[in-house]
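# An overview of the molecular structure
Here are the chains, one letter per residue:
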Amino acid sequence: MTRSEQLFERAKKVMPGGVNSPVRAFNAVGGCPRFITRAKGARIWDADGNEYVDYIGSWGPMILGHGDERVLEAVERAMREGLSFGAATEREVEMAELICEITPNVEMVRMVNSGTEAVMSALRVARGYTGRDKIVKFAGCYHGHSDSMLIAAGSGVLTNGQPGSAGVTAGAAQDTLMAEYNDLNSVRELFERNPKEIAAVIVEPVAANMGVVPPVPGFLEGLRALCDQFGALLIFDEVITGFRLALGGAQEFFGVRADLVTYGKIIGGGMPVGAYAGSREIMSCVSPLGPVYQAGTLSGNPVAMAAGLAQLRALKEDPGVYTRIAALAAKMADGMRAAGGCTVNQIGSLLCAFFKKGPVNNYEDAKQSDTGRYATYFRHMLANGQYIAPAQFEAMFLSDAHTAADVDRTLEVFRAFQA
Ligand code: KE4
């Protein structure tokens, strides 16, 4: 048995599925998950000493690459001062000031500990601010595991949500309405059926949890117009796109204003951090200033703030990173398309190969992808030192630590698979 196999056997005895997050179990692709021991730059190593080029980057946080010295030094300095106080600290103020400075339309920020917590809290603020109950989400978009976001599309997408997980009650599901990504009519119809009941529309400005599916031109602008017309808030879930598509995230990249924005991943530099943010008027609803309660023992944790601040400051000081990582992703996408046999969606430093004829513009399209072939693709890439998402409905993440030579090697391995 390999070391990873031994560790997985132990893990399955004491952790559900042997993991702390389901996608890590490799259930969608088969085989034993690799237990990772260390990482540096664009490389990770598993418990058997195998080296991989890492295109997951902890699912997005490692935009500078693993073990960036600026982040490590900030963490080492902060941890010597104290791991956690449960009290106000200057670093939280610096983080909030920096986010307000670099993010469009944001005047106030609340730090939390994960993307899920950021979304859950933003939804509560939207309901508290508007006095309305219903939320519109899109089939195929993932916003973390809070009950009202674990919703399956009903018989038709345009029905009230159904529980998408055991343990989610019909009561929790009833206030979530499902629309079709890139289909403004599906949203308009929900507003017309529920004219004064929709508190917010929440959207991944680039869908990256059904594979990568960019918004078609006019989609985000249309959501903005519908929310304005019907008095609902527009929530951009930027847990993936935030500080990744551009320094100002999707709001900057697409030039569309959201009322609330949620963050995670990059904002923590690899440490557990999430945040939600918006105008002073809306965020003034949040306790202790306003009536919407939300709290957290480790929110704004000083060591996590130090990691996130170091990463965001590095991105602010060198915005050329966005051009560099988008160029690498485009090189990868072009090479994959040239190999044939797949549809590749790419935007900024995000990309994904679907094993079906294109286009892939929504969840219905994405679901037609040959997930069996994806699993074979995954195992081929892994066997050749390329660590990509162990599931079709995820993304590849490029970082500033990846090089053109890395991409050339990955394409060589991909062409061998497609041959
Ligand atoms: P977390 O609670 O996992 O920090 O964030 C939830 C979340 C919210 N919104 C978006 C757009 C997200 O992509 C996520 C989490 N992303 C997944 C990757 N598809 C995390 C990986 C995992 O679940 O292990």
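Residues numbered from 1 in each chain as written. Predicted model: local features only at pLDDT ≥ 70, side-chain atom pairs only at ≥ 80, totals over all residues. Heavy atoms only, no water.

## Remarks on the domain arrangement of the chain
Threshold: Domain delimitation in this document rests on an assignment produced automatically or drawn from a domain database. Contacts were defined at the residue level, with two residues in contact if any of their heavy atoms lie within 4.5 Å. The term buried area denotes the loss of accessible surface (1.4 Å probe radius) that occurs when two parts are joined, taken as the sum for both partners. A pair is scored as a salt bridge if a Lys or Arg side-chain nitrogen falls within 4 Å of a carboxyl oxygen belonging to Asp or Glu. N or O atoms closer than or at 3.5 Å make up a polar contact, with two conditions inside protein: a donor-capable atom paired with an acceptor-capable one, and, for residues adjacent in sequence, both atoms drawn from side chains. Helix numbers and strand numbers start at the N terminus; a helix is a DSSP run of H or I with at least 4 residues, a strand a run of E with at least 2.
Under the domain assignment, the chain is made up of domain 1 (3-67 + 319-418) and domain 2 (69-317). With 32 residues of domain 1 at the interface, the matching set in domain 2 holds 35 residues. Both sides together, the interface formed by domain 1 and domain 2 hides about 2,600 Å², and carbon and sulfur atoms give 64% of it. Linking domain 1 to domain 2 there are 1 salt bridge. One salt bridge connects Glu69 with Lys40, and the closest N-O pair in it is separated by 2.8 Å. Where domain 1 touches domain 2, the interface holds 10 residue pairs in polar contact (both at pLDDT 80 or more). At the level of elements, helix 11 (320-339), strand 13 (343-347), strand 14 (350-354) and helix 12 (363-367) are the ones that each hand at least two residues to the side of domain 1 that touches domain 2. A per-element tally of the side of domain 1 that touches domain 2 places strand 14 first, with 4 residues.

## Description of the site of the ligand
Defined as follows: We call a residue near a molecule or strand as soon as one heavy atom of that residue lies within 4 Å of the molecule or strand. All accessible-area figures derive from a Shrake-Rupley calculation using a 1.4 Å probe, and residue coverage is judged against the displayed protein chains alone. Ten residue types, Ala, Val, Leu, Ile, Met, Phe, Trp, Tyr, Cys and Pro, are classed as nonpolar, four, Asp, Glu, Lys and Arg, as charged, and the remainder, Gly among them, as polar.
Among the 16 residues in the neighbourhood of the ligand, the closest are listed as Ser21, Thr116, Asn209, Asp237 and Glu394. At a separation of 2.6 Å, an oxygen atom of the ligand approaches a polar side-chain atom of Ser21. Take Lys265: an N or O atom from its side chain is 3.1 Å from a nitrogen atom of the ligand. Considering the ligand on its own, with 540 Å² of exposed area, one finds that the protein chains cover 86% of that surface. Tallied by class, residues from the shell around the ligand come to 5 nonpolar, 7 polar and 4 charged. Summarising the domain contributions, the shell around the ligand has at least three residues from each of domain 1 (3-67 + 319-418) and domain 2 (69-317).

## As for unusual backbone geometry
Note the cut-off: When accessible area is computed with a 1.4 Å probe and restricted to protein chains, residues below 20% of their type maximum are described as buried, those above 50% as exposed, and intermediate ones as partly exposed.
A cis geometry characterises the amide bond from Ser287 onward to Pro288, with omega recorded as 5°. The topology assignment puts Pro288 in the loop between helix 9 (280-283) and helix 10 (302-317). Cis rather than trans, the peptide bond between Gly358 and Pro359 has omega equal to -5°. Its identity is not glycine, yet Asn105 carries a phi of approximately 60°, on the positive side. A relative accessible area of 37% places Asn105 in the partly exposed class. For Lys265, which is not glycine, the phi dihedral falls at a positive 50°.

## A look at the layout of surface pockets
Any empty space left between the atoms is revealed when a probe the size of a water molecule rolls over them. The following threshold applies: Whether a set of points on the 1 Å grid over the protein atoms alone is a cavity depends on a 1.4 Å probe fitting there but being unable to get out, while an open set qualifies as a pocket with protein on both sides within 12 Å along at least five of seven lines; lining residues are those with an atom within 4 Å of a point. Grid points are joined across faces, edges and corners, and a volume is the space filled by probe spheres set on the points.
Here the second largest pocket is characterised by a volume of approximately 320 Å³. Contributing to the lining of the second largest pocket are 19 residues, with Glu92, Arg110, Met111, Ser299 and Gly300 lying nearest its centre. Listed by contribution, the elements that provide at least two residues to the lining of the second largest pocket are helix 3 (90-102) and strand 4 (108-112). The dominant element in the lining of the second largest pocket, judged by the number of residues it contributes, is strand 4, at 3 residues. Here the lining of the second largest pocket is composed, by residue class, of 8 nonpolar, 9 polar and 2 charged.

## Regarding the pairing of strand 8 (residues 176-179)
We apply this condition: In this description, strands pair whenever DSSP reports at least two bridges between them.
Residues Thr176 and Met178 point to one face of strand 8 and Leu177 and Ala179 to the other, with burial holding for every one of them. Where strand 5 (residues 134-138) and strand 8 come together, 4 bridges link them in parallel fashion. When the bridges of strand 8 are listed, Phe138 appears paired with Ala179.

## Some remarks on the confidence of the model for the chain
Inclusion rule: Along the chain, pLDDT gives the predictor's confidence residue by residue, from 0 to 100.
In this model, the chain carries a mean pLDDT of 96, and residues with pLDDT of at least 70 account for 98%. Of all the helices and strands in the chain, strand 7 (residues 162-163) carries the lowest mean pLDDT, 86, while strand 10 (residues 233-237) carries the highest, 99.

## Side note on the environment of Ala179
Tracing the chain through its elements places Ala179 in strand 8. Between the C-alpha atom of Ala179 and that of Phe138, which follows or precedes it by 41 residues, the distance is 4.7 Å.

## Section: the sheet that holds strand 14
Spatially, the 3 strands line up as an open sheet ordered 13-14-16, and their pairing is antiparallel. Two strands lie at the open edges of the sheet, namely strand 13 and strand 16 (396-397), each paired on one side alone. In this sheet, strand 14 lies alongside strand 13 in antiparallel orientation, the contact comprising 5 bridges. Bridge pairing in strand 14 links Val344 to Ala353.

## Focus: the nonpolar core
Quick note on the threshold: As used in this record, nonpolar core signifies buried Ala, Val, Leu, Ile, Met, Phe, Trp, Tyr and Cys residues forming a set joined through side-chain atoms within 4.5 Å.
Counting 109 residues, the largest nonpolar core has Phe138, Phe243, Ile267, Leu315, Met336 and Tyr377 as its most contacted members. Here this core takes 10 residues from helix 10, the largest share from any one element. Each of domain 1 (3-67 + 319-418) and domain 2 (69-317) accounts for three or more of the residues forming this core. Those residues in contact with Met336 that sit more than four places away from it in its chain are Cys342, Val344, Leu351, Ala353, Tyr377, Met396, Leu411 and Phe414. Of all hydrophobic cores here, the second largest spans 21 residues; its members include Ala126, Met149, Val286 and Val292.

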